[in-house]
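Summary of the model geometry
So the chains spell out like this:
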Amino acid sequence: MLWGCFAAGGKGALHKIDGIMRIEKYMDILKQHLRTSDRKLKLGRKWVFQMDNDPKHTSKVVANWLKDNKVKVLEWPSQSPDLNPIENLWEELKKRVRARRPTNLTQLHQLCQEEWAKIHPTCCGRLPETFDPKLNNLKAMLPNTI
């Protein structure tokens, strides 16, 4: 499993997760990679962190850390990963890695890192636009709710 982030100006860190993701591991990832990605992407103070509503993401420990570190979090409906623009970035990464046909887990991780590095910042800038068609489809399916 991988953890990664992006902003309109490019990609942040990509981190390989060994074993089962638990709250403690998620906290370590946030501590190690969220601020470094913020600095790398030169986001300043006016950015919003988006994550799904996985229980480890919404735990009190994580919520307190985010609050203590002044990370503004986008409120997000549960069970809606297809509306998260990073899902399209994951698809792009999978497509690129699949084309290179890794033969083992070590190679898979290496190719993920290599292909992540090759994704151009303009690709990241277009990802939020992919949200609009999905939202329009959702509106069509549920016309009186959105």
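For the structure itself, look to the data block above.
My aim in this report is to walk through the structure given alongside it, one point at a time. (Residues numbered from 1 in each chain as written. Predicted model: local features only at pLDDT ≥ 70, side-chain atom pairs only at ≥ 80, totals over all residues. Heavy atoms only, no water.)

Thoughts on the layout of surface pockets
Unoccupied space between atoms shows up once a probe the size of one water molecule is rolled over them. What counts here: In this analysis a 1.4 Å probe is tested at points of a 1 Å grid over the protein atoms alone, and where it fits but cannot get out there is a cavity; an open set with protein on both sides within 12 Å along at least five of seven lines is a pocket; lining residues have an atom within 4 Å of a point. Grid points are joined across faces, edges and corners, and a volume is the space filled by probe spheres set on the points. Each helix is a run of DSSP H or I of at least 4 residues and each strand a run of E of at least 2, with the numbering of both proceeding from the N terminus. The classification used treats Ala, Val, Leu, Ile, Met, Phe, Trp, Tyr, Cys and Pro as nonpolar, Asp, Glu, Lys and Arg as charged, and all other residues, Gly among them, as polar.
Each pocket or cavity is described by its volume, and for the largest pocket that value is around 830 Å³. Lining the largest pocket are 34 residues; nearest its centre among them are Gly4, Gln50, Met51, Asn84 and Ile86. For the lining of the largest pocket, the elements supplying multiple residues, two or more each, are β1 (2–7), α1 (23–41) and α3 (86–100). The element that contributes the greatest number of residues to the lining of the largest pocket is β1, accounting for six residues. Tallied by class, residues from the lining of the largest pocket come to 24 nonpolar, five polar and five charged.

Thoughts on the pattern of salt bridges
Quick reminder of the rule: Note on definitions: salt bridges are taken to be side-chain nitrogens of Lys or Arg within 4 Å of carboxyl oxygens of Asp or Glu.
The tally for this structure, following the rule as stated, stands at nine salt bridges. Between Lys95 and Glu92 there is a salt bridge, with the nearest N and O atoms lying 3.3 Å from each other. You can see Lys95 and its partner Glu92 sitting in helix α3, three residues apart, about one turn around the helix. Of the charged contacts, one joins Glu92 and Arg96 as a salt bridge, the two residues approaching to 2.7 Å between their closest N and O atoms. Of this pair, Glu92 and Arg96 both sit in helix α3, four residues apart, which is roughly one turn of the helix. Several salt bridges share partner residues, and in doing so they unite Arg100, Glu114, Glu115 and Lys118 into one network.

Considerations on the environment of His33
We apply this condition: The contact rule is simple, with two residues in contact once any of their heavy atoms fall within 4.5 Å. Whenever a nitrogen or oxygen atom comes within 3.5 Å of another N or O atom, the pair is scored as a polar contact, on the condition that within protein one atom can donate a hydrogen and the other can accept it, and that pairs from neighbouring residues in sequence are kept only if both atoms are in side chains.
The residue His33 is located in helix α1 in this model. For the pair His33 and Leu14, spaced 19 residues apart in the sequence, the C-alpha separation amounts to 8.3 Å. Discounting chain neighbours no more than four positions away, the residues touching His33 are Trp3, Ala13 and His15. In this structure the side chain of His33 is engaged in a polar contact, spanning 3.1 Å, whose partner is the side chain of His15.

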